[in-house]
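Spelled out, the chains give:
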Amino acid sequence: MFDVGVIASVGFIGAALASRVRIPIIIGYIIAGILIGPNIHLRIFGTSYDGILADSAFLQSISQLGLVLLLFFVGLEFSITKLMKTKEAAAILAVTNLAVNFFAGFVIGAWLGWPVIDTIFMAGVIGMSSSAIAAKSLIDLKRLGNRETEFILGMVILESFLAMFILTLANGMILPAEGPVNIGGLFAGVGLFIGFFALLAAVVVPRTAAIFERIKSEELFVLFALGTVFLAAALAEAFRIPAIVGAFFMGMVFADTHLAGRLKVKMESLRDAFVAIFFLSFGMLIDPSSFSSVVPILLIAAPLILLNDLFLTAALAYFIGFSGRASTAIGTSMIARNEEAILYATVGARAIQANPHLSNDYAAKYLTPFAGILCIVMSSLQPILMGRSDRIAASLAKRLPKSITFGAELVKRTLKTVIMPNFLPIYRRKRVFQAALIAYSAWIIDLTITTGPAHLAMSVLTPILIFGVWASARHAFQEPVRHTNYGVDGGPLSRSAIETFVLRIVVGALAIVSLVAILWQYYWPVTLPILYAYFLVVVFSMKVVYRRLGLGVGRRVAPIRLVHRIPAARSWRAASGRR
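The rules behind these values
Residues numbered from 1 in each chain as written. Predicted model: local features only at pLDDT ≥ 70, side-chain atom pairs only at ≥ 80, totals over all residues. Heavy atoms only, no water. Axes fitted to C-alpha atoms, helices over the stretch in contact; angles between N-to-C directions. Helix = DSSP H or I, 4+ residues; strand = E, 2+ residues; numbered from the N terminus. Parallel < 35°, antiparallel > 145°, perpendicular 65-115°, else oblique. Contact = heavy atoms within 4.5 Å. Nonpolar A, V, L, I, M, F, W, Y, C, P; charged D, E, K, R; others polar. Salt bridge = Lys/Arg side-chain N within 4 Å of Asp/Glu carboxyl O. Buried < 20%, exposed > 50% of the residue type's maximum accessible area, 1.4 Å probe, protein only. Phe/Tyr/Trp six-rings, centres within 6.5 Å; stacked < 30°, edge-to-face > 60°. Lys NZ or Arg CZ within 6 Å of the ring centre and 35° of its normal. Expected span 1.5 Å × (residues − 1). Bend = angle between axes of the 7 residues up to and from the residue. Patch = residues over 30% accessible without salt bridge, like charges linked within 9 Å, V, L, I, M, F, W, Y side chains within 5 Å. Areas by Shrake-Rupley, 256 points an atom, 1.4 Å probe, with all protein chains shown as cover. pLDDT = per-residue confidence, 0-100. 1 Å grid on protein atoms, 1.4 Å probe; cavity = no way out; pocket = protein on both sides within 12 Å on 5 of 7 lines; lining within 4 Å. Points joined across faces, edges and corners; volume = space filled by probe spheres on them.

S.K.: What should I look at first to understand the packing of helix H9 (residues 218–238) against helix H11 (residues 259–285) in this one?
M.R.: Helix packing geometry: the angle between the two helix axes and the distance between the axes. Two elements in contact, H9 and H11, have axes separated by 10 Å at closest approach and are oriented at 90°. Comparing their axes, H11 and H9 come out roughly perpendicular. Contact residues: Glu-218, Phe-221, Val-222, Ala-225, Leu-226 and Val-229 in H9; Leu-259, Arg-262, Leu-263, Lys-266, Met-267 and Leu-270 in H11. By residue class, the composition of the contact of H9 with H11 is nine nonpolar, no polar and three charged.

Structure follows, in structure tokens:
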């Protein structure tokens, strides 16, 4: 009773103070948990303070309930109908943003010398943006009506789904400690688990939802909801999958039904209470004395996150068709790290500590304090940067060289017709290109996780796949390039130069990704100069195309004839009586 009373009271104070200083409430919970936890040791005026509560199995069990309910509500937001509105654009932005952030996490983990399993959870902490803070910032800034808002929400929802899939695989790699991991069996088990919930969403729930909608008693309805959520969590554990994944997929099952709104209303208060306990318990696990050890990691991770979210993701959003201001708004909205990052840190630290065959000297020791301080810093920066996104966009537009802006505009006008929603028949060729991208993504994932002879064989076959992607991209870009107004000379030579330039940028990026996936396992530092070399190639290509098309250097210019001035001259002479 004392533990619950202290948790509730301190949680109230932490949330109230966080609201007063206008920072996310979750940060208030984490700081309050640190101050009352067993890892804080202070000496004030000769009196020692060692916290109020001890980390107990009771509090951890209650916090697990909050985590399950939190992921159930995240699943309720994962609506296939909503995602279909954003289509390819949100998928490309989400996958690219998550992949680059995960890669940054892998670089940091490899630089620190962490094992692969520990590095996966480090990458998860760095890679996961906060859907809650992004949504709240959109509300506070009154941007819910902006065109890019539905794409932002689609991105964070899709990232949550991908995070659950990766977390499931990572957890499966930790649990079987008796022998080597069977990747094929692991994928088959995860596929069977997801297939079960897909069957529920497609067949069972639509036919039985009307029955549950007729439940008039609120007490019975809440009991039905709780039973459904926690039985799904138990089913996930039976498949040796984290319980939160089962709750997430059960939320997805009800996302497109009429029950979703009622579930949110009736269970929201219960969720908030248990989620507060979870974040307070997470703060209790953080040892403030370890902050000095994780600050160097933070000084590397924070700039990489800003580089990816604020610049790379924003640049990609501009390339596929968004305006400069909308692109910057998308990039700044992804900066925060909060509940999803803490989820990875909690699950990873507990799973590694529970496995006697894994070392506790890495993620189990440093991941929790690192996640805590990263969330505090990035979640405090996100509202500030998002509120100034228009100024950032205007500043970049003034300072970028004309060759960069000209080349980016060519790529934007081409990819916009292929990626953004478009119903014109001349752009239907993009479906082949989209299918090629899906196949390429699956191939890269397999190439990344395979080792030994299988990895070598896939590496040898990768150029063939890249050639297929290039052929499909060229087929998809022909009509858009021919019918798009680029504001330059529309001759065949100019159109051919634009098509070649865009293909070089797009297919070159895909080729660089495959090269990084191939070389990563052999010597990861070589991937960094490869990425920098691609950046230089892009900049040089933009300068060349700007000289040829923007300035007219290196191409034949039609002679200028001033015939239109002759009639005016004749009429003036006739009026003055001169010949």
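S.K.: What's the story with the pattern of salt bridges in this structure? I'm lost.
M.R.: Pairs can form between side chains of opposite charge once their charged atoms are near each other. Under the definition given, this model contains seven salt bridges. Across the pair Lys-266 and Glu-218 runs a salt bridge, and its minimum N-O distance is 3.5 Å. Note that Lys-266 is positioned in helix H11 and Glu-218 in helix H9, a separation of 48 residues in sequence. Residue classification places Lys-266 among the partly exposed residues on the basis of a relative accessible area of 34%. Classification of Glu-218 as partly exposed rests on a relative accessible area of 36%. Ionic pairing is found between Asp-309 and Arg-337, a salt bridge with its closest N-O pair at 3.1 Å. Here Arg-337 lies in the loop between helix H13 (324–333) and helix H14 (339–354) and Asp-309 lies in helix H12 (residues 291–319), a separation of 28 residues in the sequence. Taking relative accessible area as the criterion, Asp-309 reaches 0% and is therefore assigned buried. By relative accessible area, Arg-337 is classed as buried at 0%.

S.K.: Even after reading the chapter, I still don't get the packing of aromatic side chains, so can you show me in this structure?
M.R.: The geometry of an aromatic ring pair is captured by the separation of the ring centres together with the interplanar angle, meaning the angle of the planes. Within this structure, the stated rule accounts for twelve aromatic pairs. When the centroid spacing of 6.4 Å and the interplanar angle of 90° are considered together, the rings of Phe-224 and Phe-254 count as edge-to-face. Placement of Phe-224 in helix H9 and of Phe-254 in helix H10 (residues 243–254) is noted, with a sequence separation of 30 residues between them. Under the relative-accessibility criterion, Phe-254 is labelled buried at 6%. Here Arg-262 stacks its cationic end above the ring of Phe-221, 4.0 Å away from the centre of that ring. Of note, Arg-271 hangs over the ring of Phe-73, and the distance from its end group to the ring centre comes to 4.4 Å.

S.K.: What exactly am I supposed to notice about helix H19 (residues 452–483) here?
M.R.: Along an α-helix, a turn takes 3.6 residues, which lines up residues three or four apart on a common side. When the terminal C-alpha atoms of H19 are compared, their 47 Å separation across 32 residues agrees well with the 46 Å that a helix rising 1.5 Å per residue should span. Approximately 35° is the largest bend angle found in H19, and it occurs at Leu-461, with the proline Pro-463 only one to four residues beyond.

S.K.: So what exactly am I meant to see when it comes to a nonpolar patch on the surface here?
M.R.: A contiguous nonpolar surface patch, about 420 Å² in accessible area, is contributed by Leu-307, Phe-311, Leu-312, Leu-396 and Leu-400. Sort the elements by how many residues they give to the nonpolar patch and H12 lands first, with three residues.

S.K.: I tried to follow the confidence of the model for the protein on my own but got confused; where do I start?
M.R.: Low-pLDDT stretches of the model should not have their predicted coordinates read in fine detail. Per-chain confidence: the protein averages 80 in pLDDT, with 86% of residues scoring 70 or above. Contacts for the low-pLDDT stretch residues 553–576, under 50 throughout, to residues beyond four places or in other chains number eight contacts.

S.K.: So what exactly am I meant to see when it comes to empty space enclosed by the protein here?
M.R.: The method is simple in principle: a probe with the dimensions of a water molecule rolls over the atoms, and the space it marks as empty is what remains. Summed over all chains, the structure comprises one cavity of 30 Å³ or more. In this structure, the largest cavity occupies an estimated 30 Å³ of space. Residue lining of the largest cavity: Leu-70, Leu-71, Val-74, Glu-339, Glu-340 and Leu-343, and that is the complete set. Mapped onto the lining of the largest cavity, the elements with two or more residues apiece are helix H3 (57–76) and H14. Partitioning the lining of the largest cavity into residue classes produces four nonpolar, no polar and two charged.

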